[in-house]
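As a plain string of letters, each chain reads:
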Amino acid sequence: MAETKEKSLSDEKPKPRVRPIVRLGIFLISHSFHFSVVCCTAGVLALFLLPVLAKNTYISENALMPGSASPMLSNQHVSDGNRLVKDLTNPNSKSSETGIESHKIIAQYMLDLGAEVSFHKFHPQMNQFHPLHFFSSPDSGKIQENYSCSSYGINTVGIIRAPHGDGKEAIVLVTPYNALKSGFGEALSLGIAYSVFSLLTQVTWLAKDIIWLVADSQYGEYAAVAAWLREYQTPKFSSLSTPNAEMCPDVNNLFELKGHSISGSKFSNSFRRAGTMASALVLKVRDQNEQFEDTISIYAEASNGQMPNLDLINVVNYLAVHRQGLRVNVEKLWSLLNSSWLKSLGEIFESLAKVAKSLYPKWKFGIPATEYVEGTATLASSLYYQALGVPTGPHGAFRDYQVDAITLEISPKFSLDKVWRNDILLRGGRLIEGVIRSVNNLLEKFHQSFFLYLLTSPSKFVSVGVYMIAFALLIAPLPMVAASLYVDANSSSNCSKGDSSTPSAITDTDEHSIAIRSWRWLNSAKLVFIVHLWGAIVSLLPYFISQIPDCSPTTSFMIWVLLSILSLLTLNSVLASPLACAKATQEKEWALVKSVTISSVFIGLGLMSVINFATAEIGALLMVPMCLLAQPLKLDVRAGTLRSFCRMICNLVLGHIAFPPAAFFLLKGMLDGFGNANVGDFWMWVESLWAWNSATYLFIGMVQLPCWVLCISILFHTC
Amino acid sequence: MVLLQRPHILLLLIDTHQFLQCWIAFGSANEEGQQQEEFSEELLVKPLPDHKLLAHFHFQSSAPPSTSNGCHHHLFPKAISQLVQKFRVKEMELSFTQGRWNYESWGGFDPISSSNAKPPGVELWAVFDVPQHHIDASWKNLTHTLSGLFCASINFLESTATYSTPEWSFPPASGNVRYGTLPCEAVCTENLTPWLKLLPCRDKAAIALLLDRPSLYRGFYHSQRLHLTSTESSSEGIDSGIILEQTLTVVLQPNSERAIEVHASEKHVQPSWSLSSIFGKQVSGRCVLAKSSSVYLLLDRGLVAELKFPNKENGKSAANGLTSENFWSNPSFELSVNPDRIFLEESSSHSKSLSILYMFQVEKYSESEPFDIGLMWKVPVAWLCQQTPLHASRFFMGSGNERGAIAISLKSTQFTEGFMSANSKDGSCELRVDVFQVVPWYVKVYFHSLRVFVDQQPRAVSDFIEKIHVSPSKDKMSPGVMEVVLKLPCRVNTAALTIEFDKGFLRIDEYPPDANQGFDIPSAIISFPNFHASMVFLEDDSLNRSPLLSKFQEKCPVMSYTEVLLVPLTTPDFSMPYNVITIKCTVFALYFGSLLNVLQRRVAEEERFLKAKAAKKTGRLPLLLSKLSAKLRGSGINQD
């Protein structure tokens, strides 16, 4: 308001004017301190306000029509499913060492329904660190020569072709199953899937093909699904390892037996395909449960914080709550649920809302304090898992191929009688049937609803438009402060120079010194660049360290730290020292360094927010205060005021917290307790990050760590 | 208005009826003298291995050269004959298909499947008898005419980006052929009704009476086809005899209550069926205009081999007798009606066993005694249909919105092994495979990236590709066409062709309303010119006159269609034009504002002025602030 008025007024006057936008900039720069305090506080506050601002989910795509058709899954199908569960849990089906028997049983059941069946044999592929392989599309994997016969998994795949459909699209249903040590839960999940599958072979409304993938989870659920998807999407026509594997007697045996027993040509050992995948559901049943009612947990986070379309979650939530009477859960940070400060914060918000409502009855934004606490816990976990960038289940493999997928984990209340089992089969089956029917209704792929969102409860979400505000407020002060520091450093050195030299010299060397001074920031930029270069080297080091055979995590971590310090010293001595020494005498050099650091952090956070918002948000929470507060300790000590003392304390605390390993241990301690913290844990964590191609790893290595080093160097600056 | 017109219509109807009767009388009068317009209707029923039933309706009308009786017709549909005359169509085929032909269980090596298994949606090809430069115009007119005739959006094939000109791989090889498909066209009764209108008895009598819409469209596969050939009789090309062949192929499930069958033993017994149970109707009497109307039941080679007829050894002698009881009272099945005639297939080179055809004359039956055959299975039978030499499937590779690859994989079937071992005497036999692939222009195929894998080994393209013809796509102008002749060794197990592509961008007005569904890539045609699907039944006088059986005798190459693919392209957010407009306006406003500002301002003067000011004032910022506060205060006062 004030600025616009100022503009209009200044336009009228015939005096020389600075353009309003420039004037506004100057104003902000000159008041950068207040500005940054206000913005940062507002940013943090906005983050805590998110659960209050969350909107109720709604089904955006009209074609989905969840629950509009009455479920067709009958007791007949349930008893079919029960039969499979019995056969699988039968002790003599587990006699075989490799669990081939149970795969045969499943295949036989699928064939009896008239589905097309094939086995997919795969070798578990270890996730490896590929430097510079982040963000690249999944490749078909390396050919490894030394596959042994013993280490392979078998996925059983059944496909129903839609009778009237044109076969362009398919819906995938995945049930992880470990034939060697399957719990009752896994068998039950197969039972649910089978009952749905047997229904779907009879229905006439099917427009998309149905693929049921029984993923062999003895090498991990994700690996099996990823291997199948790799074969589906990027098959290798030339395989050197196949003849190798064919020689293994077990496999041949399996295939031959099947071929004999089945009439017709529905079975084949070749890989079978259906069309483009429309969406995928992973179904799991948990073995034991402490809950008092049947609940269903939804896991949606895929690699690098990618989420499936919100409509998919909405459909599941709607059908589970309103049709099948299941309680729906999304992951929460349980430790936050009991925290008293959150509760009091919630109460404050609640009372504020009450006040607002009393002032103007149409303002209804308050939520009860308990709901607020739960929403915050869910939001925190949503942020945490997105920031981690590691998929929370086998559904993550689908997201790599732009297929919307979620994992549903049904945790039934624990009892073993038959009635209960039938009930779970019926309700779980009807839920799956409803979801498949909804997706089947879709004419287009999921595109109506949100892809960028955070969940605060299964039926509430915060969309990108809202949560970006918190982040934007948090990083808004960075460019202002950088500019003000730059201006300050230039002008103050100008003044000091002016004092020391004779007045005549000023006029002579004015132009020249200005030219030199205006390029002085390049020095700091060089320093910042070197530190970032070092950050890149540090992020590449684990690749080489992981090549060292039999190394415990602790020693690897130690080697990593040592090498990092060594490389920093080397880089500093080789590249930085000669010039840095020459210019070290200049005052206010730290301010320039800080200014450039802040700029680089701003760029880094801005980039990261595009790739993975949650990482950027958490990183901003740590780094923005550290960057803004950093000031040489010597200056603070010299000043000796209360303010500088506070700043010093803050700096020291932040300097410890923002160090990535320290932050990790702090977080881990908060979640699991400090008792069993181990130095090697950080190494393992980092290993998991790079194995999953998480962008968070790059962020830590190339933005956060350099920023921390620069801030520390500012703190200990000798000026 | 309508009410007023009604009596006239009635009168007109009566008139035409009388007129028609006159014409029929006339037609029968000079039957001996000239070649006549003929119509015949046939239905072939064939049990399929996966408990389903194939019903193939075949209606054929033929018109003699038009010089004989002007432009008037007795039976032949006038719309078609006009179309042929107007656009000089030499040969044309139009098919509407819903569902997929299952090559693995329904077979691909018999005349029915190789000519009636069609890709989903609409397929149209036509050969014209006009000069080269007129072909495209004729094609465009033809598409519009057919579109009106069959209530379908065939007119979308008009644009040059949707149809192609196959050079030599497409079976009716000639330069004048145009080929186009609409994979996403929905097929329903609105297409069937105009098709039935071409029949002289519509669906009011005889076999066509069975075409009960609900039971037809409940089926697993439904393909309605219209094939016409005009044979020139004189050199001018105007006079032509036209043969119109209308076929409808459906695959049905005899009894849908499968849920009742629980016991595993019962599951393997083929379901028993009768025409009335499948179609819900019975055939009562014949269409009086039809020359012949008959129903056939075909037991294909695999089934016959499995059934083990008691006198299989002396099958030929029995066939001569034609009424051998052994053929229709088999221990494994029972027919409810005695066949009028039994045909045995002549020995074929491809298979050891021979198929059997039972023929039923519909003429004998009347409304009081409707015709209804039924087949009851007594013992479980399982057999395999004869498959194409190589089973072809096509799929996409890669992910993302940028690029991908199309792969066509060929796998040998059991059939090939048997055939090849019999056929390869010198050990160097070759299997010729023709691939015809059309890709729309927005899928930018790089033909240089064609790679061939044979038996899981990457091989040089020149080793296996004998001939290749490529016409690259032009943006928004023409689709890319690839025709390849592959020569594979007979003992090949698997072969694959891959070709990479980039996904193109479309202009916003080029997207269809359901752009987020993705875009279809029409089926590729895989044909095996070395193999001919033909069924020659033992010679008989009456046999020559049956159009269906003579159609079976024709040597047509074995063909199969691959799946239709769905390629997701990047789509703009169609709900955001508002945002785009807003952003554009903002950018324009900023741009023009600053441009005007720059143009107006005299920089040097202003700087001098500023310097002069700076000499007076101490600092700029305090001044600004004081000004701001003064203004705020001032304006506040003003407002008050």
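Note that the structure is predicted; figures quoted are calculated from it, not measured.

Criteria and thresholds
- Residues numbered from 1 in each chain as written.
- Chains lettered and ligands numbered in written order.
- Predicted model: local features only at pLDDT ≥ 70, side-chain atom pairs only at ≥ 80, totals over all residues.
- Heavy atoms only, no water.
- Helix = DSSP H or I, 4+ residues; strand = E, 2+ residues; numbered from the N terminus.
- Polar contact = N/O pair within 3.5 Å; in protein donor to acceptor, adjacent residues only side chain to side chain.
- Contact = heavy atoms within 4.5 Å.
- Pairing = 2+ DSSP bridges.
- Axes fitted to C-alpha atoms, helices over the stretch in contact; angles between N-to-C directions.
- Buried < 20%, exposed > 50% of the residue type's maximum accessible area, 1.4 Å probe, protein only.
- Parallel < 35°, antiparallel > 145°, perpendicular 65-115°, else oblique.
- Nonpolar A, V, L, I, M, F, W, Y, C, P; charged D, E, K, R; others polar.
- UniProt positions renumbered as here; feature names shortened; annotations may be inferred.
- Expected span 1.5 Å × (residues − 1).
- Arc of directions from axis to C-beta.

Residue and element names in this part refer to chain A. Residue placement: K284 occurs in strand β7 (residues 276-285). Of note is the side chain of K284, whose polar atom sits 3.0 Å from the side chain of E221. Discounting chain neighbours no more than four positions away, the residues touching K284 are P176, S189, E221, P394, T407, L408, E409 and I410.

The next subject is the sheet that holds strand β17 (residues 403-412) of chain B. Residues and elements named next belong to chain B. Spatially, the five strands line up as an open sheet ordered β16-β17-β23-β19-β20, and their pairing is antiparallel. Lying at the two open borders of the sheet, with one neighbouring strand each, are β16 (390-397) and β20 (457-459). On average, adjacent strands in this sheet sit at an angle of 30° to one another, irrespective of strand direction. Pairing of β17 with strand β23 (residues 494-503), which is carried by nine bridges, proceeds in the antiparallel orientation.

Residue and element names in this part refer to chain B. Burial analysis of β16 places seven of its eight residues in the buried class, the great majority of the element. Here eight bridges tie β16 to β17, and the two strands are oriented antiparallel to one another. Bridge pairing in β17 links F396 to I406. Where β16 hands over to β17, the hairpin turn is made up of five residues, of which G398 adopts a positive phi near 90°.

Here we take up the packing of helix α25 (residues 660-672) of chain A against helix α26 (residues 679-691) of chain A. Residues and elements named next belong to chain A. Their axes nearest at 10 Å, the elements α25 and α26 cross at an angle of 100°. Overall, the two elements α25 and α26 adopt an arrangement that is roughly perpendicular. Contacts between α25 and α26 pair P660, P661, F664, F665 and K668 from the former with V679, D681, F682 and W685 from the latter. Residue composition of the contact of α25 with α26, grouped by class: seven nonpolar, no polar and two charged.

Glancing now at the UniProt feature "transmembrane region" (unreviewed entry) in chain A. Residue and element names in this part refer to chain A. In the UniProt entry, the feature "transmembrane region" (unreviewed entry) is given for residues 21-50, 464-487, 527-545, 557-579, 591-612, 618-637, 649-671 and 691-716. Overall, residues 21-50 shows 97% helix and 0% strand. The separation of its end C-alpha atoms is 32 Å. Secondary structure across residues 527-545 comprises 100% helix and 0% strand; the distance between its end C-alpha atoms is 27 Å.

What follows deals with helix α24 (residues 642-657) of chain A. Residue and element names in this part refer to chain A. Taking 1.5 Å of rise per residue, 16 residues should cover 22 Å, and α24 covers 23 Å from first to last C-alpha, within 8% of that figure. Taken as a whole, α24 has its buried residues at S644, M648, N651, L654 and G655. Along the long axis of α24, the arc covered by the buried residues comes to 140°, so they all point the same way. When the buried face of α24 is taken as reference, the exposed residues oriented beyond 90 degrees from it are L642 and H656. On its buried face, α24 sits against α22 (613-629), α23 (633-639) and α27 (695-715).

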